[in-house]
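# Tertiary structure, described
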Protein chains: 2
Amino acid sequence: MERGRSALGPALELVHTGRAPTRAVLTAELGVTRATAGVVAAELETLGLIRVDSRPTAAAGAQGRPSHRLAIDPDGPVALAAQVHADGFRAALVGLGGRTVATAPGAMSVPADPVHVLTAVVEAGAELLRRTGRRCLGAGLAVPSAVAEPEGAALNPLHVAWPAGAPVREIFAERVREAGVLGPAGTPVTAFTGNDINLAALAEHRHGAGRGSRDLLCVATGHRGVGGALVLDGRLHSGSSGLALEVGHLTVNPEGRPCYCGSRGCLDVEADPLAFLTAAGRDAGPEVSLLRQAADLLRTEYGDPAVRAATGQLIDRLGLGLAGLVNILNPDRIILGGLHRELLAADPDRLRAVVADRSLWGRSGGVPILPCTLDHNSLVGAAELAWQPVLDDPLGALAGQREKRA
Amino acid sequence: MERGRSALGPALELVHTGRAPTRAVLTAELGVTRATAGVVAAELETLGLIRVDSRPTAAAGAQGRPSHRLAIDPDGPVALAAQVHADGFRAALVGLGGRTVATAPGAMSVPADPVHVLTAVVEAGAELLRRTGRRCLGAGLAVPSAVAEPEGAALNPLHVAWPAGAPVREIFAERVREAGVLGPAGTPVTAFTGNDINLAALAEHRHGAGRGSRDLLCVATGHRGVGGALVLDGRLHSGSSGLALEVGHLTVNPEGRPCYCGSRGCLDVEADPLAFLTAAGRDAGPEVSLLRQAADLLRTEYGDPAVRAATGQLIDRLGLGLAGLVNILNPDRIILGGLHRELLAADPDRLRAVVADRSLWGRSGGVPILPCTLDHNSLVGAAELAWQPVLDDPLGALAGQREKRA
DNA sequence: CGTATTTTGTTCAGGCTCGGCACAAAGCCA
DNA sequence: TGGCTTTGTGCCGAGCCTGAACAAAATACG
């Protein structure tokens, strides 16, 4: 067995998340000696995961010997990332560092059963792998539904018209096997599956607006309804059976309309794209997704008094929901996606004021509220699932079979 | 430096929480060899923390060589635990394993400022230390208020009539210094402070009804209002600034009475002891705490139709609140304290049915709901805070100054 | 312009901890 | 009494890391 270092995983994670640009910072962040950091970096380079600049780079106005930059190897291995959403699907190859290497969108006829859709998206991914000739170390899938653990069943994949309880992880894994997507050991790569908003939050935490946060709350709308996610200490918190952060049924309007959950005035029916269109007095057309329609309306017709009033109303409802979550979770940062991101952009002060006003203690209400920054963050997050074993034990993941226990 | 083993902390934690009754199980739980487990146990014994039975104990009907039992040394060091509540205060010495070695209650004239109360309770604890001659390794304080991190300020210590924002951790630490409570290094022991329900949850997780849970939710009433706590992977989750699980303002009755928070029908005013007395048509007397009055009424007059009706109503409200928390946190167990514990005892099926019915997915609604089992669990939890450094690094904590970094 | 200083990176020796193995101990079972 | 099974201990070697000495590459300064 080659000599493997137990600090290998943490070191790779630091480079992966862009927190270790040089060996000197790596030394500090890992809390080890320069000697160790040097060996670790060399090891990661021989594994083909990172690259050490051959030419030194001097920091501006800094004394001392200039350092060599560390970066994820742009020609390194990739993860196969897949996403299914209301308008179709998308496959991509994502490298370490969250860089999308190749991508392929696809359309979908609406009553499409999960096996067909996942076959198509995995096939698109496999085609990308063939075209680029990249090594693949894992596969991840993002679905617009709560995913029950540990089985990986999609409980409410309504936007994609799948049957409730569809065993998506199993289907996805089966399609990956079938498509012959092999890892270094010559066996099919492991296939992971998660909720799209959860994965978006994970991606934003590692590579986007959530970098450095310890208690990150992410709230977003998709096509219909409202979803949430929580990243604690760098790990997704999805609860004991994957069903945490189902935030859609917080009461945000005691006099609001009845919800299918039995209560009334739930966030799900008071702050989603359909609620916005209704509040603005528009009819929803069938051609594109409700999210697209709502976002377009908000961006192009904000001058219209009805649109402006609807925006204010939804901001107030959303703010109430966020304040409720702040009282329960006390995050250090909030990231908004989908229509909520547009609402934030339209009137950030109003949203922040509502949250601060309705949180119990001013201090926790002063939490920063930011928009998502990554494109296709659910795809990047799906890749993060696949990268996790590599980050936990680079040697084991690349050797494929010969393992070591920390 | 003596030879210190990095597995020392995990091993002590296993014995502390009663999950390692013998060296054989310790071996399995730590995932090390018998050789290592043996050395670790010997080391912990020479440190005076645990005791290894000299006589072997045969498990009933088991083959093979009988094992020697491991147990926390009953004469080992203690932590000074202190609690302040609506009716007075209490000091105690708590050993590893959550065993209360000595305790001393105290009364309090109601408008008592924090310095006086904490001086009294620390003095009572110091007296216990003098009487018993125990070594003390740390001090912990439980207060009926949210405690803001990192300063340790009590934000709403209403039940004890303290000023909002009182720097209780600082005051407590100062009193501990003043009382001359010294640790092994000859310096004053570290003083920790936390919210009482948080600490109760921590204690129940380590020694009570929460043992073995990975996502533990605890909800309880004190004198007034409703509090919550969350223990994730064995660590208290109190949010980025200590203000998580302020669950009192979940809406549980859209037609309910207005709350001081600006909303209406909040859990805080719909499911606390005063709400129960009011719903049962009783007037609150001033002599004892509202919790006591409500619990007595529920236990002694459950035959009274008004009391029974009030019980049902509060169970429904509480169930709605718990369902909301289940949708957000997806815990694997719920523990109830205070009046909520009595409500659960009165009609467990009704409460479980409401939670299951109003959680989004039947499976997460099927979470077990259990009553608290420990006496004075906030005190035991306060001691847990003080034990944490010892569990993290037994050698460092006992040496007092000579440290090692894992 | 040459030397001192600062920071980065490498090589080597030594030490600490743990795993693996052999062996011993202490009870059931036949 | 002689296996069998489980528990506990002693010893050696492997792996990983620290510390120190050395080397390299830039800036600072007289």
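Residues numbered from 1 in each chain as written. Chains lettered and ligands numbered in written order. Predicted model: local features only at pLDDT ≥ 70, side-chain atom pairs only at ≥ 80, totals over all residues. Heavy atoms only, no water.

### Some points on the environment of A284 of chain A
Residue and element names in this part refer to chain A. Threshold: A run of H or I in DSSP becomes a helix once it reaches four residues, and a run of E becomes a strand once it reaches two; helices and strands are each numbered from the N terminus. To sort residues, take the accessible area from a 1.4 Å probe on protein chains only and compare it with the maximum for the residue type: under 20% means buried, over 50% means exposed, and anything in between is partly exposed. Every residue pair with non-hydrogen atoms within 4.5 Å of one another is taken to be in contact.
Position of A284 among the secondary structure elements: in the loop between α8 (273-279) and α9 (290-300). For A284, a relative accessible area of 39% translates into the label partly exposed. Along the backbone, A284 and L274 are 10 residues apart, and their C-alpha atoms lie at a distance of 7.4 Å. When neighbours within four sequence positions are excluded, A284 is seen to be in contact with L274, L277, L290 and Q293.

### A short note on the packing of helix α10 (residues 305-329) of chain A against helix α11 (residues 339-346) of chain A
Residues and elements named next belong to chain A. Here is the rule we go by: As a rule, the C-alpha atoms of each element are fitted with a line to give its axis, helices using only the stretch in contact, and angles between N-to-C directions run from 0 to 180 degrees. Our angle categories are set so that under 35 degrees counts as roughly parallel, over 145 as roughly antiparallel, 65 to 115 as roughly perpendicular, and the remainder as oblique. A clockwise turn of the near helix away from the far one marks a right-handed crossing, whereas an anticlockwise turn of less than a right angle marks a left-handed crossing.
Relative orientation of the contacting elements α10 and α11 amounts to 110 degrees, with a least axis distance of 10 Å. Considering their axes alone, α10 and α11 lie roughly perpendicular with respect to each other. Relative to α11, the crossing made by α10 is left-handed. Counting all contacts with α10, which are made through T311, L314, I315 and L318, the residues of α11 involved are L339, H340, L343 and A346.

### Considerations on the domain arrangement of chain A
Residues and elements named next belong to chain A. Note the following rule: An automatic or database domain assignment supplies the start and end points of every domain. Summed over both partners, buried area is the accessible surface (1.4 Å probe) that two parts give up on being assembled.
For chain A, the domain assignment lists domain 1 (8-72), domain 2 (78-198 + 377-399) and domain 3 (212-371). Distance between the C-alpha centres of domain 2 and domain 3: 27 Å. Of the residues lining the interface, 12 residues belong to domain 2; the matching set on domain 3 comes to 14 residues. Buried area between domain 2 and domain 3, both sides added, is near 1,100 Å², and the carbon and sulfur share of it is 57%.

### Digging into the packing of aromatic side chains
Keep this limit in mind: For Phe, Tyr and Trp, where Trp contributes only its six-membered ring, two rings pair if their centres lie within 6.5 Å, and the inter-plane angle classes them as stacked under 30 degrees, edge-to-face over 60, or tilted in between. Sitting over a ring, as applied to charges here, requires NZ of Lys or CZ of Arg to be within 6 Å of the ring centre and within 35 degrees of the ring normal.
All chains considered together, the criterion is met by 0 aromatic pairs over all chains. The residue whose ring lies beneath R308 of chain B is Y302 of chain B, and the NZ or CZ to ring-centre distance is 4.6 Å.

### Thoughts on the pairing of strand β4 (residues 88-95) of chain A
All names here are of chain A. Heads up, the condition is: Two strands make a pair as long as DSSP finds a minimum of two bridges between them.
Counted residue by residue, β4 has 8 buried out of 8 residues, so it is predominantly covered. Burial along β4 is two-sided: the residues G88, R90, A92 and V94 and F89, A91, L93 and G95 are all buried. Hairpin connection between strand β3 (residues 78-85) and β4: a loop of 2 residues separates the two successive antiparallel strands. As paired elements, β4 and strand β5 (residues 100-106) share 6 bridges and run antiparallel to each other. Of the residues in β5, the one forming a bridge with V94 is T100. Taking the residues between adjacent antiparallel strands as the criterion, β4 and β5 are bridged by 4 residues, where G97 takes a positive phi near 80 degrees.

### Looking at the side chain of H16 of chain B
Residues and elements named next belong to chain B. What counts, and what does not: A 3.5 Å cut-off defines polar contacts: any pair of N or O atoms within that distance qualifies, except that in protein one atom must be a possible hydrogen donor and the other a possible acceptor, and neighbouring residues in sequence count only when both atoms are side-chain atoms.
Following the sequence through the fold, H16 ends up in helix α1 (residues 8-16). Taking the relative accessible area as the measure of exposure, H16 reaches 2% and is therefore buried. A distance of 2.8 Å separates a polar side-chain atom of H16 from the backbone nitrogen of G97. The contact partners of H16, leaving out residues within four places of it in the chain, are I72, L96, G97, G98, R206, H207, E384, W387 and L391.

### Some thoughts on the packing of helix α1 (residues 8-16) of chain A against helix α3 (residues 34-46) of chain A
All names here are of chain A. Rules: Residues are grouped as follows: nonpolar covers Ala, Val, Leu, Ile, Met, Phe, Trp, Tyr, Cys and Pro; charged covers Asp, Glu, Lys and Arg; every other residue, Gly included, is treated as polar.
Here α1 crosses α3 at 75 degrees, and the two axes come no closer than 10 Å. Taken together, α1 and α3 sit at an angle that is classed as roughly perpendicular. Along the contact surface, α1 presents L8, A11 and L12, while α3 presents V40, E43 and L44. By residue class, the composition of the contact of α1 with α3 is 5 nonpolar, no polar and 1 charged.

### Quick notes on the sheet that holds β5 of chain A
All names here are of chain A. Strand order in the open sheet formed by 5 strands is β5-β4-β3-β6-β9, with mixed pairing between adjacent strands. Both outer strands of the open sheet, β5 and β9 (191-195), are each paired with one neighbouring strand and no more. Averaged over all neighbouring strand pairs, the angle between strand axes comes to 15 degrees, with direction disregarded. Most of the contacts of helix α5 (residues 168-178) go to β9, to which it runs at about 145 degrees, and overall it touches β3, β6 (136-143) and β9. Contacts between helix α14 (residues 377-392) and the sheet are confined to β3, β4, β5, β6 and β9, with β3 contributing the most and set at about 140 degrees to the helix.

### A word on the relation of the copies chain A and chain B
For the pair of chain copies, the relating operation is a rotation around an axis with a shift along it. Let me state the cut-off plainly: The copies are overlaid by a least-squares fit using only the C-alpha atoms of residues whose pLDDT is at least 70 in both copies.
At an RMSD of 0.0 Å, chain A and chain B line up after a rotation of 180 degrees and a shift of 0.0 Å along the axis. Viewed as a symmetry operation, the transformation between the two copies matches a two-fold axis. Within chain A, P254 of chain A has its C-alpha nearest the rotation axis, a separation of 2.3 Å.

### Topic: unusual backbone geometry
Residues and elements named next belong to chain A. In this structure, P150 follows E149 across a cis peptide bond, with omega equal to 0 degrees. Along the chain, P150 turns up in the loop between β7 (147-148) and β8 (153-154). Backbone geometry places D233, a non-glycine residue, at a positive phi of 50 degrees. You can see D233 is positioned in the loop between β11 (226-232) and β12 (235-236). Judged by its relative accessible area of 52%, D233 falls in the exposed class.

### Regarding the pattern of salt bridges
Applicable threshold: Salt bridges, as used here, are contacts in which a Lys or Arg side-chain nitrogen is within 4 Å of a carboxyl oxygen on Asp or Glu.
All told, the structure shown has 33 salt bridges over all chains when counted by the stated rule. In this structure, the salt-bridge partner of D233 of chain A is R214 of chain A, at a minimum N-O distance of 2.9 Å. Of the two residues, D233 of chain A is situated in the loop between β11 and β12 and R214 of chain A in the loop between α6 (196-207) and β10 (215-221); the sequence distance between them amounts to 19 residues. For the pair shown, D233 of chain A and R214 of chain A are each scored as exposed. Taking the shortest distance from any N to any O, the salt bridge between R350 of chain B and D316 of chain B comes out at 2.8 Å. One end of the pair, R350 of chain B, is in helix α12 (residues 348-358); the other, D316 of chain B, is in helix α10 (residues 305-329), with 34 residues separating them in the sequence.

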